[in-house]
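Chain residues, written in single-letter form:
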Amino acid sequence: MEDKNIKTKLEAWDIKFDVKHAHDLLIKGDSDFKSIKDYIKKFFFKHKTGIFFYNGYTFDLYKQVEAKLLIPNDLVHKILVPNDETKKYTKVEFSVREYLCSYDFMSIDYTPTIDFEKQMIYFNVKTMQGVEINEYYLNMKKALGLDLTCKIERTKEIEDGLNRIYNHINMVLCSNNKDAYEFVLNFIACTFAGRKIRKCLYLQSNERSGKGIIIRDFIMPILGDRMFKTNSIETITKYNKELEGTLLVNADEMPIDNSNWKSTSDILKGLITENTFSCRSMHNNPYTQTNTFNLVITTNNNAITLTLTNNKRYVVLDIDECKIGDINYFIEMGELVKNKKIQRCFYDDMIKRFSTLENWYGDDEVVTNSYISKQIEAIPFFYKYIKETY
């Protein structure tokens, strides 16, 4: 009896599309070319009038004519097929490029989506007007950085290290503001669990104050590919394919907001609040994708300006700069945040915390000194002049 627990060994051509392997399957010459057809359908997927191509890491959407160019034009093979009636052989030609325009390939239309609980390719049965219809999906989720299969024993040493990280978040990121601290932990818990929070964390301070050691060195290894960090506003607002399938986006060192006609904060509105976003990579067509990520801005400069109509989407934290220059402190913290066991225990804590946040979606208003200062900056010049003069 076949053991279902034995996994088939994967080869390189199973992970990334291999032209030579496709050629070998084509020359193999099945009477119906089933082997090469099945191989093509592992990497090419019809979506409306375009085709998604899986490059081993992600799915890229191409126009049909562009997708065909990913296949060599000489991947064509002819075979002789016996005809039982005439007792003669019929010459049958198969072109891999032209197969992308065939009924067999185009009979299934795939929809891009993100579901962290499902496989890469799956289908659901949907009832429309009393008829059951199969809907097929390409799951763009990215990989978590932790191995959740192993169990971690929470020793006193691990607990002590974990408490020091919590203390750093409370003291440095939140300046011991209880409301801010609770919001930050809830924000992280919801991020880890995949809940969209329609507010953005904003962390502005002088360099080497301790922002990055939590966001970059601690949370990023936990989330792995599910966190994306960038300092390019264009990467976030225009060619934003990298955001797809993530749980957290860290806009680090954003350009200074000089209150232009369309400020950085205004550009980010949709990404912070909307359920979907227009996903686009350079030179490819955009498509609508589920917005699964929360946003954190870390900067040494004035990256956003809160306006009278745009001041509810940001939680502006007070960053305590008391640890700037404390080399020994950051050496010790650096070792703690790299500890895989501490990372795993923090993740478990956040998932446990999330289970208590059934009705929490970040609607709390967190008032900090930095938030008040930014609101004052946003006052129209006329009112600011009166305030400062009289």
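Residues numbered from 1 in each chain as written. Predicted model: local features only at pLDDT ≥ 70, side-chain atom pairs only at ≥ 80, totals over all residues. Heavy atoms only, no water.

A. Representation of the sheet that holds strand β11 (residues 248–252). One open sheet accounts for 5 strands, arranged β10-β11-β14-β9-β15; its pairing is parallel. Only two strands of the sheet have a single neighbouring strand rather than two, namely β10 (227–230) and β15 (314–316). Adjacent strand axes in the sheet meet at a mean angle of 20°, parallel and antiparallel pairs treated alike. Here strand β9 (residues 200–204) pairs with strand β14 (residues 294–299) via 4 bridges, running parallel. (Pairing = 2+ DSSP bridges. Helix = DSSP H or I, 4+ residues; strand = E, 2+ residues; numbered from the N terminus. Axes fitted to C-alpha atoms, helices over the stretch in contact; angles between N-to-C directions.)

B. Highlighting helix α14 (residues 340–354). Taking 1.5 Å as the rise per residue, α14 with 15 residues should run 21 Å; its terminal C-alpha atoms sit 21 Å apart, in good agreement. Regarding α14, the residues found buried are I342, Q343, R344, C345, F346, Y347 and M350. Buried residues belonging to α14 abut α7 (156–173), α8 (178–193), α9 (212–223) and α13 (327–337). By the N-cap criterion, in which a side-chain oxygen at the helix start approaches the backbone nitrogen of a residue two or three places on, α14 is capped by N339, the distance to K341 being 2.9 Å. (Expected span 1.5 Å × (residues − 1). Buried < 20%, exposed > 50% of the residue type's maximum accessible area, 1.4 Å probe, protein only. Contact = heavy atoms within 4.5 Å. Polar contact = N/O pair within 3.5 Å; in protein donor to acceptor, adjacent residues only side chain to side chain.)

C. Examining unusual backbone geometry more closely. One non-glycine residue, F33, adopts positive backbone phi at about 55°. Note on placement: F33 falls in the loop between α2 (19–28) and α3 (34–40). Notably, S175 is not glycine yet its phi reads approximately 50°, a positive angle. Along the chain, S175 turns up in the loop between α7 and α8.

D. Here's a closer look at the side chain of Q289. Its place among the elements puts Q289 in strand β13 (residues 287–290). In contact with Q289, other than residues within four places in its own chain, are P112, T113, I114, M140, E244, N275, T276, F277 and C279.

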